[in-house]
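# Remarks on the overall topology
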Amino acid sequence: MEMKRSIKMLLILAAVFLLQGCWDKRELTDLALISALGVDKGENTKYEATFQVVNPISVTGGLQGGQGGDRPPITTITVPGNNLTEISRHASTSISRELYYSHTNLVVVDEDLAKDEGLVKILDILDRDTNFRTTSTIVIAHGAKAKDLIKALTPVDKIPANKINKTLQFTEQQLGEHFKTSIQDVLKCITSQSRYPVISSFKLTGIKKKAPKMESIQSTDPAAQIEANDLAVFKEGKLADWLEGQNARSVLWLRNKVRQSYLTIDLMNKKDSLTFDVIRQNTKVKAKLKNNQPAISVYVNMEGDVGETTVPVLLDDPKVLNEIEKKASDKLKKELQDAVKLVQQRKTDVLQFGDVVYRRYPEVWKKIEHQWADKYFPDLDVEITVNAYVRRTGLRSNPGNLKGS
């Protein structure tokens, strides 16, 4: 009987403890959900941070795909300070809620700040904050302030931070000149053997003053747009160079970051008369020793479709398909070789060949590590092999049958 009473008392005490509320609970009405953070050089302080705060009512209400209602979907707050901790504390004087970073998926860094100070201090602070996700995307504001991008409204995606993330996601899949880089990726690269991270940048086009205004996105032709731009190259944690267009794509191709893209080749003595639509590719980079010196071999296998052609070629002829495959292979090989020469001249191992040598020959790397950037990488022997395969030619195998061909 005494045993049963003891068990009952233990159960009652357990229920009392379990029924108590969460000691660290936070009410949603007390939180300011930060979707993006922009960091600029300050005028009278070291930094100037801009917070992109979600307006929940404006986001959930209104017309689908538009900016319904009277309020914009976001509110921005700009706070000066000498470090991000100080800025975060002082932001409480401008907003009636606690800044909540768990939903932050974008960090924008000012181009000038990235050049002068670099990213190490900023990323160190963000990495230490237990509420901040290091999986957040980081981009560089090119030709504009970070706060200009943070404040700009976007017509299709209600939250501007989502617009930038989705743009990177789809241009990485379709074009291959940009890719998403997280804070975690940059920190990992900075501590690697090569230490040359590359980060996508964004620019603001059109009438910049109208970018934060609702009327800009209530038009079929917005007054200002946020667009993906060049790749920023970092050396020793600071912005050192830019890669654009074909060179940017080639660097990402050599790093096996390209998913899909396209190549234009010449057929029948007509320039860019056929498009080879790359549907999948795989790049492998291997290190070897050549005359007791490190060397690199690159192997690229890509598959693609005939996207379009402006000349009357017989696409059911194996000889024609072999010619297309050879010219596509030669075209990509030339582009990759040009990109390798460019980064070798600039002494920036954004291709991460140093990591490949380190993993394959750690003992050799120990001897050449400190001279890699200035001596070994610029003269590195890089052999590139590209194999292209045509998988589909489309529904029409004889474009010459088209009228006007």
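Definitions and cut-offs
- Residues numbered from 1 in each chain as written.
- Predicted model: local features only at pLDDT ≥ 70, side-chain atom pairs only at ≥ 80, totals over all residues.
- Heavy atoms only, no water.
- Salt bridge = Lys/Arg side-chain N within 4 Å of Asp/Glu carboxyl O.
- Helix = DSSP H or I, 4+ residues; strand = E, 2+ residues; numbered from the N terminus.
- Buried < 20%, exposed > 50% of the residue type's maximum accessible area, 1.4 Å probe, protein only.
- Core = buried A, V, L, I, M, F, W, Y, C linked by side-chain atoms within 4.5 Å.
- Contact = heavy atoms within 4.5 Å.
- pLDDT = per-residue confidence, 0-100.
- Pairing = 2+ DSSP bridges.
- Axes fitted to C-alpha atoms, helices over the stretch in contact; angles between N-to-C directions.
- Phe/Tyr/Trp six-rings, centres within 6.5 Å; stacked < 30°, edge-to-face > 60°.
- Lys NZ or Arg CZ within 6 Å of the ring centre and 35° of its normal.

The subject of this paragraph is the pattern of salt bridges. Applying the stated criterion to the full structure yields 18 salt bridges. Note that Asp 116 is salt-bridged to Lys 41, the shortest N-O span being 2.7 Å. You can see Asp 116 sitting in helix H4 (residues 111-116) and its partner Lys 41 sitting in strand S1 (residues 31-41), a full 75 residues away along the chain. Across the salt bridge formed by Asp 157 and Lys 166, the nearest N and O atoms sit 3.3 Å from each other. Judged by its relative accessible area of 17%, Asp 157 falls in the buried class. The class of Lys 166 is partly exposed, set by a relative accessible area of 40%. Among the charged side chains, a network of salt bridges with common partners joins Arg 280, Glu 303 and Arg 391.

Below, the discussion takes up the nonpolar core. Judged by nonpolar contacts, the single largest core of 53 residues is most densely connected at Phe 276, Ile 296, Met 302, Ile 324, Val 350, Phe 353 and Trp 372. No other element matches the 8 residues that helix H11 (residues 318-346) contributes to this core. Those residues in contact with Ile 324 that lie beyond four places of it in its chain are Ile 265, Leu 267, Leu 274, Phe 276, Val 306, Leu 315 and Val 390. Ranked by size, the runner-up nonpolar core spans 34 residues in total, among them Ile 77, Leu 99, Leu 126 and Phe 234.

Positionally, Gln 218 belongs in the loop between helix H9 (214-217) and strand S8 (224-235). Among the residues examined, Gln 218 registers a relative accessible area of 55% and is labelled exposed. When the C-alpha atoms of Gln 218 and Thr 154 are compared, they prove to be 9.8 Å apart, with 64 residues separating the residues in sequence.

Okay, unusual backbone geometry next. Of note, Asn 291 is a non-glycine position whose phi angle comes to about 55 degrees, a positive value. With respect to the helices and strands, the residue Asn 291 is situated in the loop between strand S11 (270-290) and strand S12 (293-309). Overall, the relative accessible area of 71% leaves Asn 291 in the exposed class. Look at Gln 352: it is not a glycine, yet its phi comes out positive at around 60 degrees. Structurally, Gln 352 is set in the loop between H11 and helix H12 (353-360).

What follows covers the confidence of the model for the chain. Here the chain averages 87 in pLDDT, while 88% of its residues score no lower than 70. Low confidence marks residues 62-68, where pLDDT is under 50. Its contacts with residues over four positions away, or in another chain, come to 15 contacts.

In space, the 4 strands of this open sheet follow the order S10-S11-S12-S13, with mixed pairing throughout. Each edge of the open sheet carries a strand with a single partner, namely strand S10 (261-267) and strand S13 (381-392). Strand-to-strand twist of the sheet, defined as the mean angle between neighbouring strand axes without regard to direction, takes the value 35 degrees. Alignment of S11 against S12, held across 16 bridges, turns out to be antiparallel. Bridge pairing in S12 places Leu 289 opposite Pro 294. Contacting S10, S11 and S12, helix H10 (residues 245-254) runs over the sheet at an angle of about 45 degrees to S11.

Moving on, we get to the packing of aromatic side chains. The final tally for this structure, using the stated rule, is 4 aromatic pairs. The interplanar angle of 50 degrees and the centroid separation of 6.4 Å between the aromatic rings of Phe 51 and Tyr 101 together place this pair among those described as tilted. Highlighted residues: Phe 51 in strand S2 (residues 47-54) and Tyr 101 in the loop between strand S4 (98-100) and strand S5 (106-110), separated in sequence by 50 residues. In textbook terms, an aromatic cluster arises when at least three aromatic residues are bridged by ring pairs, as seen for Phe 51, Tyr 101 and Phe 132. The ring centre of Tyr 262 lies 5.8 Å from the NZ or CZ of Arg 249, which sits over that ring.

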